[in-house]
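Structural features, examined
Each chain, letter by letter, is given below.
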Amino acid sequence: MNHIDLGTVLRQTVSANLYSNLVTRPTGQAVRNQIELLMREAHERTLTVLDFSHVSMMDFSCADEVIAKLLLRYCDENPPHEAYFLFRGMTDDHWEAIETVLERHGLALAIEQEDGVHVVGVLSERERRAWEAVKRHGRALAADLAGEIGEEEPEIRDTLDGLWRRRLVMRLNEEYVALGGGAERG
Amino acid sequence: MTTVINVPPSLDDQTFEQVLEQLAPVPPDEKILVDARHCRWASPYGLTALLTLAQTRAERPAFAAPETEDTVGYWARTDFFKYAEELYDLHGTVPKRTGGDSRVLLEVTPVAKSEDVHEVVERIQAKAQQIISTELSLDAKATVGFAMTLSEICQNIVEHAGRGGWVAVQAYTWKKRLGRRVVQIAVCDAGIGFRNSLEGAPGRVRDDRWDDAAALEAAVIRGVSRFRDPGRGQGLSGVRRYCGRWEGKLSIRSGTARIALVPKWDEDVPLEENLPPFPGAQVQVTIPERAASKP
């Protein structure tokens, strides 16, 4: 698992190293480029924790550059590699901008909070139910979940594959693995 | 020949139009004297717009400073003269800046590049927290949105204006229109303006109605941007949402038009056209103190 402290990346990226706010498009582009550079050293399949704990605030432009464009690139049909993201240390001070860009691009992401990992952003009710079911199990086959959420196996598999393409669950052979549950290292 | 442009006693976004009306018939290469001797008060919009005005002149203009000690002292504490002396031949007694002023949340500050926006946001945060929650009685969440709003409006200069501009933020009691405390952000530039910026937008359909007002409507209401990137245009949308949430007012003047998102407490018009021409974009955001709930 990679851990990227966005506060550190920000201070390495902008010319003055005293800033704690993720603002402006050029800064967002530079931070995203740095994240991708750090990820380039990772293996074929990686889970990267993007840690906002040391970022005071983020504006819409930066949220679009850092979060939306990163997710769009790695949820694309031909991503550079199989990358998953878990967002840590997000507060209300970050959320307004993030929520806006997720809605704009129809994206969703997994955030780690005190009470566990949650998925936020644009998801259908079916996707949300399937994601919660995987989270409860940690890792599961589509067949394991079919009865639990009252859908036929092919349907739930389709939904889980959709969540995998959106990088909201991992897929290891036939199993689907929740992000942040520790099982992703298996 | 020098044309005298009189600055009204109270200078804000509305009365600045009187300045522009006087300026409209004067060719840019003609010498002007901006006479602020009888001016008693200026909003952040007034101060930043005066600096912007100087940028539009081919012939270096002259400026007569306010005569009242309080006024000229306050303008000095906003750093207005620090930049005015670079743009105008100053006349009158201009004091050196001594100390700060609690009403000034952000002195008149130049914005030309991304680092300037970082600097502005870092400087505003501590003061904004104090003024927004304590003086305006708004939820603490309003502070973050305020900094975001400031950041996004300043970025319009960096991304679209093509030249530097100014930002200033002040808090004061707005007796005339509201009778409550307000925080006001003003960001003014003399750049290319909304219409010119959007003329480069991909896929723009040319129609009969294309002017400054149409450009402002496209950018502010529909979130149109000159960039092809679908993520663009979110900044002003976010500013609109912020103003709507906290009963704030957003007004943007560009070229010959002015668009405003008018809250209940104000009587402004949503769109004004055929104003005296003025280059660039002049943005104002006003966030009022929360109205006391009736018993």
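Residues numbered from 1 in each chain as written. Chains lettered and ligands numbered in written order. Predicted model: local features only at pLDDT ≥ 70, side-chain atom pairs only at ≥ 80, totals over all residues. Heavy atoms only, no water.

1. What to know about the side chain of Arg253(B)
Residue and element names in this part refer to chain B. As for its placement among the helices and strands, Arg253 is situated in strand S10 (residues 249–255). Since its relative accessible area comes to 1%, Arg253 is described here as buried. Reaching out from Arg253, the side chain makes a polar contact with the side chain of Glu17 at a distance of 2.6 Å. Here Pro276 takes part through its backbone oxygen, which lies 2.6 Å from a polar atom of the side chain of Arg253. Apart from the residues within four sequence positions on either side, Arg253 is in contact with Glu17, Leu20, Tyr45, Arg258, Leu275, Pro276, Phe278, Gly280, Ala281 and Gln282. (Helix = DSSP H or I, 4+ residues; strand = E, 2+ residues; numbered from the N terminus. Buried < 20%, exposed > 50% of the residue type's maximum accessible area, 1.4 Å probe, protein only. Polar contact = N/O pair within 3.5 Å; in protein donor to acceptor, adjacent residues only side chain to side chain. Contact = heavy atoms within 4.5 Å.)

2. Some words on the packing of aromatic side chains
Each aromatic ring pair is described using two quantities: the centre-to-centre distance and the angle formed by the ring planes. The final tally for this structure, using the stated rule, is 13 aromatic pairs over all chains. Aromatic side chains Trp41(B) and Tyr172(B) sit 5.1 Å apart centroid to centroid with 75° between the ring planes, which places their arrangement in the edge-to-face category. Taken together, the residues span a long stretch of sequence, with Trp41(B) in strand S4 (residues 41–42) and Tyr172(B) in strand S8 (residues 165–174) at a distance of 131 residues. Taking the centre distance of 5.2 Å and the plane angle of 75° together, the rings of Phe80(B) and Phe81(B) count as edge-to-face. Accessibility assignment for this pair places Phe80(B) and Phe81(B) in one class, buried. The ring of Tyr84(A) carries the charged tip of Arg167(A) above its face, separated from the ring centre by 5.5 Å. (Phe/Tyr/Trp six-rings, centres within 6.5 Å; stacked < 30°, edge-to-face > 60°. Lys NZ or Arg CZ within 6 Å of the ring centre and 35° of its normal.)

3. Things to note about the pattern of salt bridges
What the rule picks out here adds up to 31 salt bridges over all chains. When the shortest N-O distance is used, the salt bridge between Asp64(A) and Arg25(A) registers 3.1 Å. Of this pair, Asp64(A) sits in helix H3 (residues 60–74) while Arg25(A) sits in helix H2 (residues 25–40), placing them 39 residues apart in sequence. Pair check on accessibility: Asp64(A) and Arg25(A) agree, each one buried. The partner of Asp116(B) in a salt bridge is Lys113(B), with the nearest N and O atoms 3.2 Å apart. Of the residues examined, Lys113(B) reaches a relative accessible area of 45% and is grouped as partly exposed. The structure contains a network of salt bridges with shared partners spanning Asp13(B), Lys249(B), Arg258(B), Asp266(B), Asp268(B) and Glu272(B). (Salt bridge = Lys/Arg side-chain N within 4 Å of Asp/Glu carboxyl O.)

4. Some remarks on empty space enclosed by the protein
Leftover empty space is mapped by rolling, across the atoms, a probe with the size of a water molecule. Inspection of the entire model under this criterion finds two cavities of 30 Å³ or more. Considered as a void within the structure, the largest cavity measures approximately 420 Å³ in volume. Around the largest cavity sit 30 residues that line it, and Asn156(B), Glu159(B), His160(B), Phe194(B) and Leu236(B) are the ones nearest its centre. Those elements that place two or more of their residues in the lining of the largest cavity are H3 of chain A together with helix H6 (141–161), strand S9 (180–189), helix H7 (193–198), helix H9 (234–245) and strand S13 (278–288) of chain B. Split into classes, the residues belonging to the lining of the largest cavity amount to 13 nonpolar, 11 polar and six charged. Among the elements that line the lining of the second largest cavity, the one with the most residues is strand S6 (residues 108–113) of chain A, at three residues. Split into classes, the residues belonging to the lining of the second largest cavity amount to seven nonpolar, no polar and two charged. Each of domain 1 (1–122) and domain 2 (123–186) of chain A accounts for three or more of the residues forming the lining of the second largest cavity. (1 Å grid on protein atoms, 1.4 Å probe; cavity = no way out; pocket = protein on both sides within 12 Å on 5 of 7 lines; lining within 4 Å. Points joined across faces, edges and corners; volume = space filled by probe spheres on them. Nonpolar A, V, L, I, M, F, W, Y, C, P; charged D, E, K, R; others polar. Domains from an automatic or database assignment.)

5. Quick word on the domain arrangement of chain A
Residues and elements named next belong to chain A. We note that the domain assignment places domain 1 (1–122) and domain 2 (123–186) within chain A. Of note, the centres of domain 1 and domain 2, computed from C-alpha atoms alone, are 23 Å apart. Facing the 22 residues of domain 1 at the interface are 17 residues of domain 2. Here domain 1 packs against domain 2, burying approximately 1,600 Å² in sum over the two surfaces, 60% of which is carbon and sulfur. Its largest share of buried area at the contact with domain 2, domain 1 owes to Tyr84, Val117 and Val119, together 35% of the area lost on that side. Between the two partners, domain 1 and domain 2, sit zero salt bridges. Across the contact surface, domain 1 and domain 2 share seven residue pairs in polar contact (both at pLDDT 80 or more). Every element with two or more residues in the side of domain 1 that touches domain 2 is listed here: strand S3 (45–51), strand S5 (82–88), S6 and strand S7 (116–121). (Buried area = accessible area lost by both parts, 1.4 Å probe.)

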